[in-house]
Every structure is written in C-alpha cells, then in structure tokens.
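Chain and residue survey
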Amino acid sequence: MRLPTNSSTNATIDFGLISPQGTIGDFVWSDVNGNGIQDAGEPGRGGGTVTLAGLGVSWIASGTTMVYANASQAYRPLDYSFITPVGSVSRIDPALRDSRGLSTALGWRGTAADDRVRFDVGVFHLTYDDRVGLRTRSDSVGTVFTERTNVANSVHQGLESYLEVTPVASPNGGGTVTLFNSPALTDAHHTPGDVRGQ
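Below you will find a few notes about this structure. (Residues numbered from 1 in each chain as written. Predicted model: local features only at pLDDT ≥ 70, side-chain atom pairs only at ≥ 80, totals over all residues. Heavy atoms only, no water.)

All right, on to a nonpolar patch on the surface then. Together, Leu106, Trp108, Val121, Val123, Leu159 and Leu185 give the surface a local cluster of nonpolar side chains, amounting to about 530 Å² of exposed area. Topologically, Val121 is positioned in strand β5 (residues 117-138). Look at Val121 and you get partly exposed, because its relative accessible area is 31%. (Patch = residues over 30% accessible without salt bridge, like charges linked within 9 Å, V, L, I, M, F, W, Y side chains within 5 Å. Areas by Shrake-Rupley, 256 points an atom, 1.4 Å probe, with all protein chains shown as cover. Salt bridge = Lys/Arg side-chain N within 4 Å of Asp/Glu carboxyl O. Helix = DSSP H or I, 4+ residues; strand = E, 2+ residues; numbered from the N terminus. Buried < 20%, exposed > 50% of the residue type's maximum accessible area, 1.4 Å probe, protein only.)

Turning to the side chain of Arg135, a few remarks are in order. Within the secondary structure, Arg135 is located in strand β5. Of note is the side chain of Arg135, whose polar atom sits 3.0 Å from the backbone oxygen of Val151. (Polar contact = N/O pair within 3.5 Å; in protein donor to acceptor, adjacent residues only side chain to side chain.)

Our focus in this paragraph is the packing of aromatic side chains. One pass over the full model with this rule turns up 2 aromatic pairs. Directly above the ring of Phe145 sits Arg91, whose terminal nitrogen or CZ lies 3.9 Å from the centroid. When the ring centre of Tyr68 is taken as origin, the NZ or CZ atom of Arg109, which lies over that ring, is 4.0 Å away. (Phe/Tyr/Trp six-rings, centres within 6.5 Å; stacked < 30°, edge-to-face > 60°. Lys NZ or Arg CZ within 6 Å of the ring centre and 35° of its normal.)

This part takes up the environment of Ala74. Relative to the helices and strands, Ala74 resides in strand β2 (residues 65-76). Looking at Ala74, the relative accessible area reads 8%, which means it is buried. A sequence separation of 28 residues divides Ala74 from Leu102, and the C-alpha atoms of the two residues are 5.1 Å apart. In this structure, Ala74 is in contact with Ser99, Arg100, Gly101, Leu102, Leu126 and Tyr128, ignoring residues within four places of it in sequence. (Contact = heavy atoms within 4.5 Å.)

When the charged atoms of two side chains with opposite charge come close together, those side chains can pair. Using the criterion set out here, one finds 6 salt bridges in the structure. Two residues, Arg97 and Asp130, come together in a salt bridge whose shortest N-O distance is 2.9 Å. Of this pair, Arg97 sits in the loop between β3 (90-92) and β4 (99-112) while Asp130 sits in strand β5, placing them 33 residues apart in sequence. With a relative accessible area of 41%, Arg97 lands in the partly exposed category. A salt bridge links Asp115 to Arg118; the nearest nitrogen and oxygen atoms lie 2.9 Å apart. Residue Asp115 is classed as buried on the basis of its relative accessible area, which comes to 10%. Given a relative accessible area of 25%, Arg118 falls into the partly exposed group. Because the salt bridges share partners, they merge into one network encompassing Asp115, Arg118 and Glu164.

Bringing unusual backbone geometry into the picture now. For residues besides glycine, phi is generally negative; the peptide bonds are generally trans as well. Notably, Ala113 is not glycine yet its phi reads approximately 50 degrees, a positive angle. Secondary-structure assignment places Ala113 in the loop between β4 and β5. Judged by relative accessible area, which is 49%, Ala113 ranks as partly exposed. Positive phi is not limited to glycine here, since Asp115 has a value of about 70 degrees. You can see Asp115 is positioned in the loop between β4 and β5.

So, in structure tokens, the structure goes:
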C-alpha cells in the first residue's frame with residue numbers, strides 16, 4: 001500500500017509483525033574421536049554461551065531524508081552437509097570451525113519531488129573468517145583425498161542503490177506509472193589462505 005505523502009497515516013494497516021517464537025539451542029558434545037559425528041558414549045558439554053550482537057542507528061537529516069548505519073555479527077554455522085564426507089575419498093577436518101564475521105552498512109534514503117522520487121543508496125562491508133571449502137591432500141602413504149576444512153577468510157564490499165520514480169500519478173486514482181532500478185557494485189574476494197584473491 002502506498003500512502004499519498006510521507007506525513008500521511010493509516011492506522012488500519014497491519015504489517016504482520018509478530019514477536020519471536022523460536023529458541024536457539026541443541027545438544028553440544030565432545031567429539032572424542034574427531035569424526036564430526038555424535039557417536040554413542042561421547043559426553044555432552046554444558047554451559048555454552050552464544051552471544052548475538054548488532055547495532056543500528058539513524059539520523060533524520062531533513063523532513064524527507066535520513067542517514068542510517070548498521071553493524072552486526074555475522075555467522076555461517078556448520079550444518080550436517082558440512083560434516084558428512086562425500087564418497088570414500090573425502091574427509092572432514094576434525095578442527096573444522098564455524099565461519100564468523102562482521103557486517104557493516106552506511107546509507108542515505110529518502111523521497112523528493114512530492115514523493116514522486118524515492119531513493120536509497122548505501123555502502124556495505126562484510127568479512128567472514130574461516131570460510132569452509134574443499135582442499136586436495138594426500139596422506140602418508142600417498143593416497144589422495146579431498147578434505148572439507150576452513151580454507152580462507154573473505155571480504156565482500158560494495159555499493160547498493162535503489163531509485164523509484166513515479167512520472168505519472170493520477171490524483172483521482174485513475175492510474176500510476178512507476179519506474180524503478182536497483183544497480184549495485186560488489187567486490188568479493190578471499191584473503192589469507194590457499195584461495196587468496198579468488
């Protein structure tokens with residue numbers, strides 16, 4: 001639904017916001033034999049703590065524009081597919097770790113020309129440490145295998161934008177023409193590790 005102006009209100013709109021219903025949790029255990037699988041007899045570990053942090057701020061720069069900034073922790077937890085060997089020549093690094101990083105963004109958004117122009121332009125920077133991938137290795141007897149392990153860190157950065165223009169809007173609801181575009185520039189590459197720069 002589109003309101004006629006930035007200062008218009010409509011108290012009958014329901015955005016479907018609900019309070020969170022889920023919980024974070026599962027069973028954490030000591031992987032005694034290092035195979036990445038919870039085997040019978042491997043003891044549980046209590047007292048684990050998960051900290052999720054983020055911060056967002058905004059500043060209303062004028063009656064129609066605002067500047068915003070966000071920073072939050074980023075996680076890529078391992079799931080079952082990461083700890084399951086693929087075929088008989090694949091192995092899992094017993095020291096495999098979850099990927100984690102930091103996501104930051106800074107932007108400017110607003111409207112102009114009596115709300116006929118809407119825009120949002122921002123820059124972002126995302127880092128992930130310990131990205132998971134496959135490496136080819138050989139053991140002490142020369143058998144070649146692939147190993148799923150932490151291969152490198154990565155950096156993702158760029159510019160994202162959105163522009164919406166409504167050149168035709170009938171005041172009596174007879175019709176509207178809206179044009180929009182969302183161009184972006186992104187640079188992503190690996191930093192330290194075997195795949196640096198890729």
